[in-house]
Amino acid sequence: MSRIAYFGPQGTFTEQAARALAAPGDELVPAVTIRAALAMVREGAADGACVPVENSVEGAITPTLDGLNEGSPLVAVAEWLLPVHFSILVRPGTTEVKTVASYPPALSQVRLWLEENLPDARQIATSSTAAAAVAVDAGEVDAAVCAPVAAEHYPLEVLATGVADLRDAQTRFLLFKQPGEVPAPTGADRTSIIASTPNRTGTLAELLTELAFRGINLTKLDARPTRNNFGEYHFFIDFEGHIAEPRIGDALAALRRRCSNVRFLGSHPRADGVAATVQPDAGNEDFDQAASWVEAVRKGDLA
Ligand SMILES: O=C(O)C(=O)Cc1ccccc1
């Protein structure tokens with residue numbers, strides 16, 4: 001049995017994802033912030049932490065990116081995708097909504113709905129969607145934009161369900177653990193790194209070219225400021241493939257050579273099962289054969 005921390009409180013989308021990623025019998029423990037969930041793993045208070053990493057409407061969940069670049073390194077071992085449709089919860093008997101609260105990335109995903117349905121409601125930021133339900137229950141705000149499961153945890157009434165500006169919106173969640181064994185490659189994997197480069201012309205282009213040369217498909221690229229020097233960034237790069245593959249190992253070694261620092265954030269199976277694209281002449285056998293050829297030539301075998 002493992003203890004899995006998740007970005008809570010109870011009733012967040014992340015709790016739903018954590019339930020899907022946890023093994024039967026695992027204990028789920030809410031943490032008030034994404035950083036706190038990650039810290040629980042670093043400190044040994046939890047075996048894993050489930051956190052949101054990006055959504056298809058608003059992009060990266062920046063507290064997760066920043067939380068992964070501080071403290072000791074953690075690695076993602078599994079991912080989960082959730083369709084994101086919100087419920088609007090109010091206290092039973094509410095007739096007027098003057099304030100509506102939620103986690104800012106959630107408010108941005110229902111901007112049009114709020115403009116149309118609650119145009120006069122003042123928007124209030126909370127630390128998660130479920131924290132907004134807690135605030136409604138406590139009488140601090142009138143309505144919360146929440147995950148549908150929040151209605152099961154708090155004694156609130158559902159004003160609307162299935163709320164989303166974009167029907168196909170999805171959020172991707174990752175389960176992070178202490179570095180250790182990497183999950184076995186499946187052919188449909190994702191590898192994530194944080195690349196820190198010296199601040200000179202062309203460094204990002206050089207990194208991306210290393211991947212492009214090897215026919216490795218990028219799945220996400222984000223930049224976060226280093227916070228030390230204005231204009232300097234850490235690059236969060238996700239790409240198809242697994243560190244156990246020769247073609248990916250070769251690319252990672254090249255990136256390591258070009259960067260001042262590379263933080264490995266894990267290789268794990270993709271939740272959508274999409275197999276990696278592999279270019280002709282850039283398959284693992286091609287890398288293996290080329291390396292064997294060099295070995296043979298080194299030994300004087302030119303046949
Ligand atoms: O606040 C939550 O419920 C979360 O788990 C973060 C989040 C917010 C909006 C969409 C998906 C996940």
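A quick note: this is a predicted structure, and the numbers were derived from the prediction, not measured.

A look at the sheet that holds strand β12 (residues 189–196)
Now for step 1: On the basis of which strands lie adjacent, the open sheet formed by four strands has the order β13-β14-β12-β15 and antiparallel pairing. Here the strands that pair on one side only, and so sit at the sheet edges, are β13 (218–225) and β15 (261–269). Sheet twist, expressed as the average angle between the axes of neighbouring strands with direction ignored, equals 15 degrees.
Now for step 2: Taken together, the seven bridges between β13 and strand β14 (residues 233–240) define a ladder with antiparallel strand orientation. Among the inter-strand pairings, D222 is bridged to a residue of β14, identified as F236.
Now for step 3: Against the sheet, helix α8 (residues 203–213) contacts β12, β13 and β14, and its axis sits at roughly 10 degrees relative to β14.
Now for step 4: Across the face of the sheet, helix α9 (residues 246–258) comes into contact with β12, β14 and β15 while running at roughly 170 degrees to β14.

Observations concerning the UniProt feature "site: Essential for prephenate dehydratase activity" (unreviewed entry) in the chain
Now for step 1: As recorded in UniProt, the feature "site: Essential for prephenate dehydratase activity" (unreviewed entry) lies at T171.
Now for step 2: Here T171 lies in strand β11 (residues 170–177).
Now for step 3: Non-local contacts of T171, meaning those with residues more than four positions away in its chain, are made with P52, E54, N55, W80, L81, L82 and V84.

Remarks on the packing of aromatic side chains
Both the distance between ring centres and the angle between the ring planes are used here to describe each pair of aromatic rings.
Now for step 1: A full pass over the atoms with the stated rule returns two aromatic pairs.
Now for step 2: Ring geometry for F13 versus F86: centroids 5.3 Å apart, planes at 85 degrees, classification edge-to-face. Here the residue F13 occupies a position in helix α1 (residues 13–21), and F86 occupies one in strand β6 (residues 86–90), the gap between them amounting to 73 residues.
Now for step 3: Taking relative accessible area as the criterion, F13 reaches 10% and is therefore assigned buried.

Regarding the packing of α8 against α9
Now for step 1: α9 packs onto α8 with a crossing angle of 165 degrees between their chain directions and a minimal axis gap of 9 Å. With respect to each other, α8 and α9 are oriented roughly antiparallel. In this structure, the crossing between α8 and α9 has a hand that is right-handed. Only A251, A254, L255, R257 and R258 of α9 make contact with α8, whose side of the interface consists of E206, L207, E210 and L211.
Now for step 2: Split by residue class, the contact of α8 with α9 holds five nonpolar, no polar and four charged.

A look at the site of the ligand
Now for step 1: Within the structure, the ligand sits among F7, T12, F13, T14, V84, Y103, A106, Q109, S128, T129 and T171.
Now for step 2: Contact distances for the ligand include 2.5 Å between an oxygen atom and a side-chain N or O atom of T14.
Now for step 3: Here an oxygen atom of the ligand sits 2.4 Å away from a polar atom, N or O, in the side chain of T129.
Now for step 4: When the free accessible area of the ligand is taken as 320 Å², the share hidden by the protein chains comes to 100%.
Now for step 5: Taking a 2 Å distance to the grid points as the criterion, the majority of the atoms of the ligand fall inside the largest cavity.
Now for step 6: Of all the secondary structure elements, the ones that give two or more residues to the shell around the ligand are α1 and α4 (104–109).
Now for step 7: Of the residues in the shell around the ligand, the class split is five nonpolar, six polar and no charged.
Now for step 8: Residue assignment places the shell around the ligand across two domains, with domain 1 (1–82 + 170–180) and domain 2 (86–163) each supplying three or more.

What counts, and where the lines are drawn
- Residues numbered from 1 in each chain as written.
- Predicted model: local features only at pLDDT ≥ 70, side-chain atom pairs only at ≥ 80, totals over all residues.
- Heavy atoms only, no water.
- Pairing = 2+ DSSP bridges.
- Helix = DSSP H or I, 4+ residues; strand = E, 2+ residues; numbered from the N terminus.
- Axes fitted to C-alpha atoms, helices over the stretch in contact; angles between N-to-C directions.
- Contact = heavy atoms within 4.5 Å.
- UniProt positions renumbered as here; feature names shortened; annotations may be inferred.
- Phe/Tyr/Trp six-rings, centres within 6.5 Å; stacked < 30°, edge-to-face > 60°.
- Buried < 20%, exposed > 50% of the residue type's maximum accessible area, 1.4 Å probe, protein only.
- Parallel < 35°, antiparallel > 145°, perpendicular 65-115°, else oblique.
- Left-handed = near helix turned anticlockwise from the far one by under 90°.
- Nonpolar A, V, L, I, M, F, W, Y, C, P; charged D, E, K, R; others polar.
- Near = heavy atom within 4 Å.
- Polar contact = N/O pair within 3.5 Å; in protein donor to acceptor, adjacent residues only side chain to side chain.
- Areas by Shrake-Rupley, 256 points an atom, 1.4 Å probe, with all protein chains shown as cover.
- 1 Å grid on protein atoms, 1.4 Å probe; cavity = no way out; pocket = protein on both sides within 12 Å on 5 of 7 lines; lining within 4 Å.
- Sits in = over half its atoms within 2 Å of the grid points.
- Domains from an automatic or database assignment.

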